[in-house]
Amino acid sequence: MNIFMLGWEFPPFISGGLGTACYGLTRGMSELGHHVIFVLPKPVSSQYATHVRLKTPTKRTLAAAAALTDATDEEGAFTAYKMKELENVDFLSIPSALQAYATPDIAAKVKRTKIGDADPDFDSDDPYHDASMTTSIIEDAGRQDGGGEDYHGDMFSEVRRYARLARRLAAGEDFDVVHAHDWMTYLAGIAVAEATGKPFVIHVHSTEFDRSGEHVNQEIYDIERRGIHAATKVICVSHLTRNIVLARYGAPADKVEVVYNAIESNGDSAVLPPAIKKDEKIVLFLGRITMQKGPEYFLAAAKKVLEYRDNVRFIMAGSGDMIRRSIEMAAEMGIGHKVLFTGFLRGDDVARVYKMADLYVMPSVSEPFGIAPLEALSHDVPVLISKQSGVSEVLSHVLKVDFWDVNEMANKIIAVLKHPPLQATLREHGSFEIRKLTWNDSAQGCIDVYQAALASAGR
Amino acid sequence: MPSICFYFQVHQPFRLRRYSVFDADSNYFDDHKNAMICRKVAEKCYLPANQCVFDLIKRHDGRFRVSYALTGVVLDQFEAYTPDVIDSFRRLAETGCVEFLCETYHHSLAFLYSRQEFVDQVALHRQKVEDLFGNVGTTFRNTELIYNNELADAAHQLGFKAVIAEGADHILGYRSPDYVYRPPATPIHVLLKNYRLSDDIAFRFSNRGWSEWPLTVEKFSRWVNQVHGNGYTVNLFMDYETLGEHQWKDTGIFDFFYHLPDEILRHPHNSFRTPSEVAEMHEPVGEFDAPHLISWADTERDLSAWLGNAMQSNALKELYALESAVKAKGDDDLLNDWRRLQTSDHFYYMCTKYFADGDVHKYFNPYESPYDSYINFMNVLDNLASRTK
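We now turn to the structure provided with this report. (Residues numbered from 1 in each chain as written. Chains lettered and ligands numbered in written order. Predicted model: local features only at pLDDT ≥ 70, side-chain atom pairs only at ≥ 80, totals over all residues. Heavy atoms only, no water.)

A closer look at the overall build of chain A
In step 1: Scanning chain A from terminus to terminus reveals 16 helices and 15 strands.
In step 2: Looking at chain A as a whole, 57% of its 459 residues qualify as buried.
In step 3: Surface summary for chain A: the accessible area is close to 17,900 Å², and the carbon and sulfur share equals 51%. (Helix = DSSP H or I, 4+ residues; strand = E, 2+ residues; numbered from the N terminus. Buried < 20%, exposed > 50% of the residue type's maximum accessible area, 1.4 Å probe, protein only. Areas by Shrake-Rupley, 256 points an atom, 1.4 Å probe, with all protein chains shown as cover.)

Here it is as structure tokens:
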């Protein structure tokens, strides 16, 4: 099957689970023999360019690029590349900052094409050209998304630009189905599906209600709702998310399916320097420090734990718009010296912090899925997750707690620190359990949904 | 000439309340929930089933006989929450057609951890049953039919004439469970559960996917009659809660049970016997050699439901490590609490086997996960330990 996939981030340029999921799914599809054209709005930043094995674009993608050469505008250029381990995936990326990757080494291998905005196809009431979005809303959206540097700036115009360019790119491609990941790509998906008449599948990795609680950004909500109703089929990452999609967006139940995320088997046993010798226990929070992730509940539980025992340190690894508030809270609670903020961790630092941790805690207020606990388990760290998470639907051998129940959270944290047999049993069964969650199965789940979408579209 | 030997296990644990590490009182048990469950099961099972047995005994003029093992902890709960159940068992005892078996008072795994505690609990149970019902048989059953040669020996030393065990295939081999056996080195009679026929009633009765569904009294009697010439006794051992609780009333389980004796006794050579009667009537035909521990649980018939993971063995070890400190304290409440924590159910709840598959283990589990049950238990145990100091 040929899939035209619209994404927003992809490793190594990721700030959260969305990029990880896109990588896992496309890799799974590639291994199952399906062909994916993965369209991305991201720049290839020179800092991480070494992680991407740039390849000479295929004839097909060159043809797509050629289709765009008549564009006259300087707005953007397009890059085609492949990644070594993803044989059947062609990446088409629309850089937003040309100079970022314009090193001679890469530039030599990349076919770049200018595409544009001054497009006769766009009429004045083009929905992707909506000028009514105010700056304040746009900035608000960027902030609420909590993605830090990857999402800053003029989010909505990026989304619209992406939709325009995706539609143009799609014209030169041959595919069976359009698959769009999260709200930033829904407009692009709608545009491509309308232009080509192909079935349209959207993948809900999170909703505005997860990110912002009840204070939803109306603009984003409207885009999500539009995407959900325009889609032939909707894939949700959990039943938790499916329920939101049904209840809050009024989606017909029969077109919304659940496909769980997965975890790559942790094959690489990178030799790391031994963890620091420690006579204290370490409890880890690793994720974006935003309202959605419940950092204040983590701190409240930490305080309770520290009232009971002293030799514990709490590490909060990640960045986000609540980091400052969290630091202040820890200080106000008088546990500042016991809580360590590391900022955003990458690569070996992540593996190192897992190696030190006795327990990973994900106290999310609302977590559509939550891949991070799977990663913790794959690093042999036992896990405590909130019941308000999609991943709790697939994991049995973890501790679960209501995010607001900080007493119970503390009770369970203490138990893990105090009873090695508990830690050992969780670790043993947990690492076994995650082996059943493979990206190939998730990819197959998506393929099944495509087939259903094709069938319902009468093809 | 086979006799049917019914033995019903009657048991309810003292379930723990949610006990956090921040709790400091010594009220460990969920009185409200325990009372509620006791009442519910009494209505659905114990009272109607006892009435049914009583009617059968009257109707068959003493030819219908059954036996029960009522754990000490369930008797405590009946006395506290549903005294009418005690009365109805008394009424059965007065017919003279009912045998009460002996076991550890607290339905515990004491045999595996402390021989002294084991002996004490058996004595306590014997006393309790005698006090309540005036008779106690000469047959012993250990918690969950946990058994090996050593257990048979311990039962013999305590004066029992017979002991009950699972008719485990890996020990019996081609031999039938429908005879009486003896352990290699102990003069005691071993009665073995016929797990096929027992489970036909206990587990499969209402299973519509079972090829023999629906199970009729005619069909079941036919299977019993097939034992003619090939055995002395068909030992049907099961939880009493099978009647009305595991198999609900609307499955027809009570009708089946009520009409079964008619059909069985239609054959003039058939009879109903209690375990002590069976042991009295028949000499062992061969050896039942169980050097390793067996039980009646799961398909493994081993101890993995209570001792299958690190949490379970840790909890049990820590619990029994307190024995001398608890006993030295001379505090009856403390001793009683410690003993109620020994009930095997607490460790069964910690079982991780099949946990992810959601099966029979989950059905009987008041906790959301085995981890929750371990954490709760250890918090209670911690507090109990502090009381020994």
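Some points on the overall build of chain B
In step 1: Of regular secondary structure, chain B possesses 18 helices and 12 strands.
In step 2: When the 389 residues of chain B are sorted by exposure, 61% land in the buried category.
In step 3: Within chain B, residue pairs in contact and separated by at least 24 positions form 76% of the contacts whose partners lie at least 6 positions apart. (Contact = heavy atoms within 4.5 Å.)

Re the sheet that holds strand 12 (residues 339-343) of chain A
Strand pairing in a sheet relies on backbone hydrogen bonds. The paired strands run either parallel or antiparallel.
All names here are of chain A.
In step 1: Spatial ordering of the open sheet is given by 12-11-10-13-14-15, a layout of 6 strands whose pairing is parallel. Each end of this open sheet is capped by a strand with a single partner; those strands are strand 12 and strand 15 (399-401). Across this sheet, the average inter-strand angle for adjacent strands is 20°, counted without regard to direction.
In step 2: Note that strand 10 (residues 281-286) and strand 13 (residues 359-362) share 2 bridges and pair parallel. Considered in strand 13, the bridge of V283 is made with L359.
In step 3: The strands touched by helix 12 (residues 348-356) are strand 10, strand 11 (312-317) and strand 13; relative to strand 10, the strand with the most contacts, the crossing angle is about 140°. (Pairing = 2+ DSSP bridges. Axes fitted to C-alpha atoms, helices over the stretch in contact; angles between N-to-C directions.)

What about the interface of chain B and chain A?
In step 1: Across the contact, 18 residues belong to chain B and 21 residues belong to chain A.
In step 2: When the two sides are added together, the surface that chain B and chain A hide from each other amounts to roughly 1,700 Å², 64% of it contributed by carbon and sulfur.
In step 3: When residues of chain B are sorted by the area they lose upon contact with chain A, F22(B), Y371(B) and I375(B) head the list and together hold 36% of the total.
In step 4: At the boundary of chain B and chain A, one finds 3 salt bridges.
In step 5: Scanning the region where chain B abuts chain A turns up 7 residue pairs in polar contact (both at pLDDT 80 or more).
In step 6: Elements supplying a minimum of two residues to the side of chain B that touches chain A: helix 13 (310-321) and helix 18 (370-387) of chain B. (Buried area = accessible area lost by both parts, 1.4 Å probe. Salt bridge = Lys/Arg side-chain N within 4 Å of Asp/Glu carboxyl O. Polar contact = N/O pair within 3.5 Å; in protein donor to acceptor, adjacent residues only side chain to side chain.)

Overview of the pairing of strand 14 (residues 383-386) of chain A
Residues and elements named next belong to chain A.
In step 1: Side chains V383 and I385 project from strand 14 onto one buried face, and the interleaved L384 and S386 project onto a second face that is buried too.
In step 2: Two elements, strand 13 and strand 14, share 3 bridges in a ladder whose sense is parallel. Bridging from a neighbouring strand, V361 pairs with L384 of strand 14.
In step 3: Tracing the backbone out of strand 13, into helix 13 (residues 372-378) and back to the parallel element strand 14 gives a crossover that is right-handed.
In step 4: Sheet topology note: the strand 14/strand 15 ladder contains 3 bridges and is parallel. Residue pairing across strands places S386 opposite V401, the latter belonging to strand 15. (Right-handed = clockwise from strand over helix to strand, strands pointing away.)

Structural notes on unusual backbone geometry
Peptide bonds are, in most cases, trans, and in most cases residues other than glycine have a negative phi.
Residues and elements named next belong to chain B.
In step 1: A cis amide bond, omega 0°, links W213 with the succeeding residue P214.
In step 2: Among the structural elements, P214 can be located in the loop between helix 8 (195-202) and helix 9 (217-225).
In step 3: We note that L145 has phi near 55°; this positive angle belongs to a residue other than glycine.
In step 4: By the element assignment, L145 lies in the loop between strand 4 (139-140) and helix 6 (149-157).
In step 5: With a phi angle near 55°, R301 is a residue other than glycine that sits in the positive phi range.
In step 6: Within the secondary structure, R301 sits in the loop between strand 12 (286-287) and helix 12 (304-307).
In step 7: Of the residues examined, R301 reaches a relative accessible area of 14% and is grouped as buried.

Examining the pairing of strand 1 (residues 3-10) of chain B
Residue and element names in this part refer to chain B.
In step 1: Where burial is concerned, most of strand 1 is hidden: 8 out of the 8 residues are buried.
In step 2: With 2 bridges joining them, strand 1 and strand 11 (residues 271-272) adopt parallel strand pairing. Bridge pairing in strand 11 places I4 opposite F272.
In step 3: By the bridge criterion, 4 bridges tie strand 1 to strand 2 (residues 66-70) in an arrangement that is parallel. Paired with Q9 across the strands is A69, a residue of strand 2.
In step 4: Since strand 1 and strand 2 lie parallel, the crossover through helix 1 (residues 31-59) that links them has a hand, and here it is right-handed.

A few points about the packing of helix 10 (residues 295-308) of chain A against helix 14 (residues 406-418) of chain A
Residue and element names in this part refer to chain A.
In step 1: For the pair helix 10 and helix 14, the least separation of the axes is 8 Å and the interaxial angle reads 55°. In terms of orientation, helix 10 lies oblique with respect to helix 14. In this structure, the crossing between helix 10 and helix 14 has a hand that is right-handed. Residues Y297, A300, A301, K304, V305 and Y308 of helix 10 form the contact with helix 14, whose participating residues are V406, N407, M409, A410, I413, I414 and K418.
In step 2: Of the residues assigned to the contact of helix 10 with helix 14, the class counts are 10 nonpolar, 1 polar and 2 charged. (Parallel < 35°, antiparallel > 145°, perpendicular 65-115°, else oblique. Left-handed = near helix turned anticlockwise from the far one by under 90°. Nonpolar A, V, L, I, M, F, W, Y, C, P; charged D, E, K, R; others polar.)

Quick look at the side chain of K412(A)
In step 1: Mapped onto the secondary structure, K412(A) falls in helix 14.
In step 2: Here K412(A) falls in the buried class, since its relative accessible area comes to 4%.
In step 3: A polar atom in the side chain of K412(A) sits 3.2 Å from the side chain of D372(B).
In step 4: K412(A) has contacts with L384(A), L399(A), K400(A), D372(B) and I375(B), leaving out every residue within four places of it along the chain.

As for the pattern of salt bridges
Residues and elements named next belong to chain B.
In step 1: In total, this model carries 49 salt bridges over all chains according to the counting rule given.
In step 2: Linking R340 and D76 is a salt bridge whose minimum nitrogen-to-oxygen distance equals 3.4 Å. On the criterion of sequence distance, the pair formed by R340 in helix 15 (residues 332-340) and D76 in helix 2 (residues 72-81) is long-range, its members being 264 residues apart.
In step 3: For D76, a relative accessible area of 13% gives the class buried.
In step 4: Across the pair E117 and R339 runs a salt bridge, and its minimum N-O distance is 2.7 Å. Taken together, the residues span a long stretch of sequence, with E117 in helix 5 (residues 115-133) and R339 in helix 15 at a distance of 222 residues. In this structure, E117 and R339 share a single accessibility class: buried.
In step 5: Each member of the salt-bridge network shares a partner with another, and the members are E117, D120, E323, K327 and R339.

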